[in-house]
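Here are the chains, one letter per residue:
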Amino acid sequence: MTDLPSVLISIAFLLGVTSLVQPLAQRLQLSYTVLLAVVGVLIGFGSAFLLNTSLTDAFNVPAELILEFPVTSQAFLFIFLPVLIFQASLTLDVRRMAEDAAPILLLAVVAVVVTTAVVGFALEPFATVPLAICLMLGAIIATTDPAAVVAIFRDLGAPARLTRLVEGESLLNDATAIAIFTVLLSYVTAAQEPDVGATLAGFARSFGGGLLVGLVAARLVAALLPVVRDIRTAEVTLTLALPYVAFVVCERYLGVSGVVACVTAGLVLGVMGRSRVSPEHWRYLQEVWEQLAFWASSLVFILAAILVPRLLTGVGWDEVGLVGIVVVSSLVARALVLFLLLPVLSGLKLAQAVSTPYKLVILWGGLRGAVTLALALAVTENRAMAPEVQRFIAILATGYVLFTLLVNGTTLRPVIRLLGLDRLSPLDLALRRRVVAISLVSVRDAVQREAEAYHLPNSVAEDILHPYADRIAAAGDGVDEEAIADRDRLNIGLVALADRERDVLLEHFHRKTASAHVLEAMIQQSDRIVEAARRGGRTAYNKEARRWLGFDRSFTVAASLHRHLRIERMLANRLADRFETLLVSRIVLEDLRRFSTDKLGPVLGGRLTGILGDILEQRIDATSKGLEALQLQYPHYALALQRRFLRQYALRLEEAEYAALLQDGLIGPELYHNLRNDLAAEAAATAERPRLDIRLDRRTLVEQFPLFAPLSEAQLAEVAALLMPRFARPGERLITRGERAAGMYFIASGAVEISTGTGKVLLGRGDFFGEMGLLGRRRRMADVTALSYCHLLELGAEEFRTLLKSNADLSLRVKQVAEQRRLMNQAGTEQEGAPLAEVTG
């Protein structure tokens, strides 16, 4: 009976069962998926008994609804698998997982191959089927299901790295196992000798093709997300379509791995989506996907478990013995990878070492589940397979799944406790005591204020507050400052700062206070700062933060195009992006300074909070200097950008106020939508960034140079007309010793170093250089290199001579400075860091 109403009734019944199993699992302290599998098996056996018994026919209809539910291997693979894989990938922290890429790939690829071989060759002497069938069974049982294991890890508070290793393995080993299974299935059904080269090439094509499809599909959806921004139902719908489209296109039309495509799509969208969706909508999206994954995993487990009686039909003691061989050989294969191959990676410095307790938990936690049963079911549905082969695969795969769920799954929790992996490290324990002590003080004070505000009797307040006083004293006594080294506490503070920085940037992205592509780039940079803080502490954090203020290669290309071809647009866009980046950075850093004082100060202590404050001050100072340099050159644009920033922020506050009025019932939906439409129109009008004209206000800049201070208005205008702007990057050679003098330069912002061979001179804003070669009509006598990003005003040789001829006072001042520098060169004086007045005369 496969009519639609019957199917819907069956699904509703099974969903009801899953909802009741959850609280039962919590009460029994069992894994939800393990208990669900047990319930599914009981439902399958019970339905078969009720349908076949002669005691009563009253339950025949519901029994038929369950037993005849139209579940096939295709349903498992095409309906449920994309959802489960995509959701797991979407929620993973890719950058943290990348730290363990080598061991994850070893477990996900090499371990599957080793398990396939060891199980196949261990079974072959005892089985009545060919070696190829035994190898195919090895591939079927090589894929792991992390659902039950990860749930236990989270319940017990197991280390995050252990969870990452298990989740990362499970994401990719499905693809490896399915690829090997497909190759072996084709060989068995075609009855032809396998071509090893073609097989390896096919595997590489399948894996690489799935990777490419997933990457392209995810980037396409990420590009579409801004189109439906602020419509969270549309955002969720786009992400829901992604895994199904990628999986079906790969499996049905391209012949590549749909599993790899779903994994890649989830990982890529997880990285890119956060910067294209507001924080509130991203949380909503993750909640929806969590619910979808719960339904899918629950139905997969219970439907697969219901199939167990069908798959175990006619099992005998011989098959039980073979299941025992599968259990032992799979454990041996997994142990070989964990204890022989994994240490090789750490020995070659390709990965951080994995401790023995971790290895033991990974060994015992290799549970199998729905994918294994789905592949076994695919064999039983394949008419090209002999009945004895179908029976062999069905019984051994099902028996092995039951063993891992009922034995490994129920004993994994005690194993983790026995190995001590559920206990906090000394660092985390000491930090926990300190945080608890601080938090309890805040709670106590808040309760006391509420009691006074509501005029509650002192006796009632005392009854509640007294236990808190005892807990605060106990927690305070337990705080051992020496248990947390200063370096560890500082690293904790840096990671917290970096995480907070990312959160604040996401808030700005939601408020649209700057251009979307600028904020996306800043969020990506903040991710790198987070990883730097985790990986290398203070040194790595400072290094990555300094890169924030740098210019990428596109900026250098834009500067070259502007210098040589006078193409302005690209450089103008890069400078405008930098303007926004520096403006938002300074605002974010001010927020971090308050966060460090208010939130981290009580946890880390005054001295370390002061160090964090110094680190932030250095970043604020460098950011402010960069912003001031741009403001000096483009003051009108700076004001326009700041007005736009503040207006966007004001519009978001206004929108929040209207939403609060609606929630409080002070305005109705009609008025709210009317007000919001007006805001949307105004936001659209201010969304476009002002266009930056990079043609510097040379007239204003000329006034900043002391050399030109005595000039009249007319003379200043004459000088400004002769100057041409030029941009220089750090390390760029501006003048080379021995070359013919073609011009001189005025420094509008930045700093340069003059190397004469006998000494060095540092020049900064308001200074000039290159005049000596022009005055003497000789080749350059020194090298001049940009020390920072510089904006210069260049005066050509002909224009230089014209200017000096027209202004005797200016000519005299330039010659005086040149003579002063000539004398300094002769004396070999090193004037590093000399005051501006000394250098310019």
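Conventions we followed
Residues numbered from 1 in each chain as written. Predicted model: local features only at pLDDT ≥ 70, side-chain atom pairs only at ≥ 80, totals over all residues. Heavy atoms only, no water. Helix = DSSP H or I, 4+ residues; strand = E, 2+ residues; numbered from the N terminus. Buried < 20%, exposed > 50% of the residue type's maximum accessible area, 1.4 Å probe, protein only. Contact = heavy atoms within 4.5 Å. Areas by Shrake-Rupley, 256 points an atom, 1.4 Å probe, with all protein chains shown as cover. Pairing = 2+ DSSP bridges. Axes fitted to C-alpha atoms, helices over the stretch in contact; angles between N-to-C directions. Left-handed = near helix turned anticlockwise from the far one by under 90°. Nonpolar A, V, L, I, M, F, W, Y, C, P; charged D, E, K, R; others polar. Core = buried A, V, L, I, M, F, W, Y, C linked by side-chain atoms within 4.5 Å. Salt bridge = Lys/Arg side-chain N within 4 Å of Asp/Glu carboxyl O. Bend = angle between axes of the 7 residues up to and from the residue. Phe/Tyr/Trp six-rings, centres within 6.5 Å; stacked < 30°, edge-to-face > 60°. Lys NZ or Arg CZ within 6 Å of the ring centre and 35° of its normal. Parallel < 35°, antiparallel > 145°, perpendicular 65-115°, else oblique. Patch = residues over 30% accessible without salt bridge, like charges linked within 9 Å, V, L, I, M, F, W, Y side chains within 5 Å. pLDDT = per-residue confidence, 0-100. Expected span 1.5 Å × (residues − 1).

Draft legend 1. Layout of the overall build of the chain. Counting its regular elements, the chain contains 33 helices and eight strands. Counting across all 841 residues of the chain, residues that qualify as buried make up 48%. Across the chain, every contact between residues at least 6 apart in sequence was considered, and the portion connecting residues at least 24 apart equals 78%. With an accessible surface of roughly 39500 Å², the chain has 59% of that area assigned to carbon and sulfur atoms.

Draft legend 2. Focus on the sheet that holds strand E5 (residues 760-763). With respect to topology, four strands assemble into an open sheet ordered E2-E7-E4-E5, the strand pairing being antiparallel. Each edge of the sheet is formed by a strand with only one pairing partner; in this case those strands are strand E2 (733-735) and E5. Averaged over all pairs of adjacent strands, the angle between their axes in this sheet comes to 25 degrees, without regard to strand direction. Taken together, the two bridges between E2 and strand E7 (residues 783-786) define a ladder with antiparallel strand orientation. By the bridge assignment, Ile 735 is partnered in E7 with Val 784.

Draft legend 3. Layout of the packing of helix H6 (residues 101-123) against helix H15 (residues 317-347). At a minimum axis distance of 8 Å, the contact between H6 and H15 shows a crossing angle of 145 degrees. Of the two elements, H6 crosses H15, and the hand of that crossing is right-handed. Facing H6, whose interface residues are Ala 102, Pro 103, Leu 106, Leu 107, Val 110, Ala 111, Val 114, Thr 115, Val 118, Val 119, Ala 122 and Leu 123, H15 presents Leu 322, Ile 325, Val 326, Ser 329, Ser 330, Ala 333, Leu 336, Val 337, Leu 338, Leu 341, Leu 342 and Leu 345. Residues belonging to the contact of H6 with H15 are distributed by class as follows: 21 nonpolar, three polar and no charged.

Draft legend 4. Main features of the nonpolar core. Ranked by size, the top nonpolar core spans 127 residues in total, and within it Phe 76, Phe 392 and Ile 393 carry the most contacts. Once residues within four sequence positions are removed from consideration, Phe 392 is found in contact with Leu 123, Ala 127, Val 129, Ile 133, Cys 134, Leu 137 and Leu 322. Counting residues in hydrophobic clusters, the runner-up holds 53 residues, among them Val 504, Ala 558, Leu 592 and Leu 604.

Draft legend 5. Region of interest: unusual backbone geometry. With phi around 55 degrees, His 455 is a residue other than glycine that occupies positive phi space. On the basis of relative accessible area, His 455 is assigned to the exposed category, the value being 71%.

Draft legend 6. Just the sheet that holds strand E6 (residues 768-769), in detail. Spatially, the four strands line up as an open sheet ordered E1-E8-E3-E6, and their pairing is antiparallel. Of all strands in the sheet, those bounded by a partner on one side alone are strand E1 (724-728) and E6. Pairing of E1 with strand E8 (residues 790-796), which is carried by five bridges, proceeds in the antiparallel orientation. The residue of E8 that forms the bridge with Pro 725 is Leu 793. Against the sheet, helix H31 (residues 797-806) contacts strand E3 (743-749) and E8, and its axis sits at roughly 70 degrees relative to E8.

Draft legend 7. Inspection of the pattern of salt bridges at higher detail. Per the counting criterion, the structure on display carries 22 salt bridges. The closest approach of N and O atoms between Arg 500 and Asp 591, which form a salt bridge, is 3.2 Å. Here Arg 500 is found in helix H21 (residues 486-511), whereas its partner Asp 591 is found in helix H24 (residues 569-604), with 91 residues between them in sequence. Across the pair Arg 593 and Glu 590 runs a salt bridge, and its minimum N-O distance is 2.5 Å.

Draft legend 8. Looking closely at H24. At Ser 596, H24 shows its strongest bend, of approximately 35 degrees. With its phi angle positive at about 95 degrees, Gly 605 sits one or two positions after the end of H24.

Draft legend 9. View of the side chain of Glu 169. Assignment of secondary structure puts Glu 169 in helix H9 (residues 160-190). Overall, Glu 169 belongs to the buried group, its relative accessible area being 2%. In this view, Glu 169 contacts Ile 104, Leu 107, Ala 108, Thr 144, Arg 334 and Ile 362; residues no more than four positions away in its chain are not counted.

Draft legend 10. Region of interest: the packing of aromatic side chains. Applying the stated criterion to the full structure yields five aromatic pairs. Ring plane angle 85 degrees and centroid distance 5.2 Å describe the contact between Phe 78 and Phe 247, whose orientation is recorded as edge-to-face. Here Phe 247 lies in helix H11 (residues 232-254) and Phe 78 lies in helix H4 (residues 73-90), a separation of 169 residues in the sequence. One exposure class covers both Phe 78 and Phe 247, and it is buried. Looking at Arg 232, its charged tip hangs above the ring of Tyr 284, at a distance of 3.9 Å from the centre.

Draft legend 11. Seen up close, the packing of H6 against helix H7 (residues 131-140). The N-to-C vectors of H6 and H7 enclose an angle of 135 degrees; their axes lie 7 Å apart at closest approach. Classified by the interaxial angle, the pair formed by H6 and H7 is oblique. Once H6 is placed against H7, the crossing between them reads as right-handed. Contacts from Thr 115, Thr 116, Ala 117, Val 119, Gly 120, Phe 121 and Leu 123 of H6 reach H7 at Leu 131, Cys 134, Leu 135, Leu 137, Gly 138 and Ala 139. Grouping the amino acids of the contact of H6 with H7 by side-chain chemistry returns nine nonpolar, four polar and no charged.

Draft legend 12. Seen up close, a nonpolar patch on the surface. Judged by side-chain polarity, Val 110, Val 328, Val 332, Leu 336, Leu 340 and Leu 341 come together as a nonpolar surface patch covering roughly 460 Å² of accessible area. Per-element accounting of the nonpolar patch gives the leading share, five residues, to H15. With respect to the helices and strands, Val 332 occurs in helix H15. Since its relative accessible area comes to 41%, Val 332 is described here as partly exposed.

Draft legend 13. Region of the structure containing the confidence of the model for the chain. In the predicted model, the chain carries a mean pLDDT of 80, and 89% of its residues have values of at least 70. Mean pLDDT across the elements of the chain bottoms out in helix H33 (residues 836-840) (32) and peaks in H11 (91). Ignoring residues within four places in sequence, the model shows residues 829-841, a span with pLDDT below 50, making 27 contacts including any to other chains.

Draft legend 14. Region of the structure containing H11. Between its terminal C-alpha atoms H11 stretches 32 Å, which fits the 33 Å expected from 23 residues at 1.5 Å a residue. Of all the positions in H11, only Glu 235, Val 236, Thr 239, Leu 242, Pro 243, Ala 246, Phe 247 and Cys 250 are classed as buried. Positive phi appears at Gly 255, one or two residues downstream of H11, with a value of about 70 degrees.

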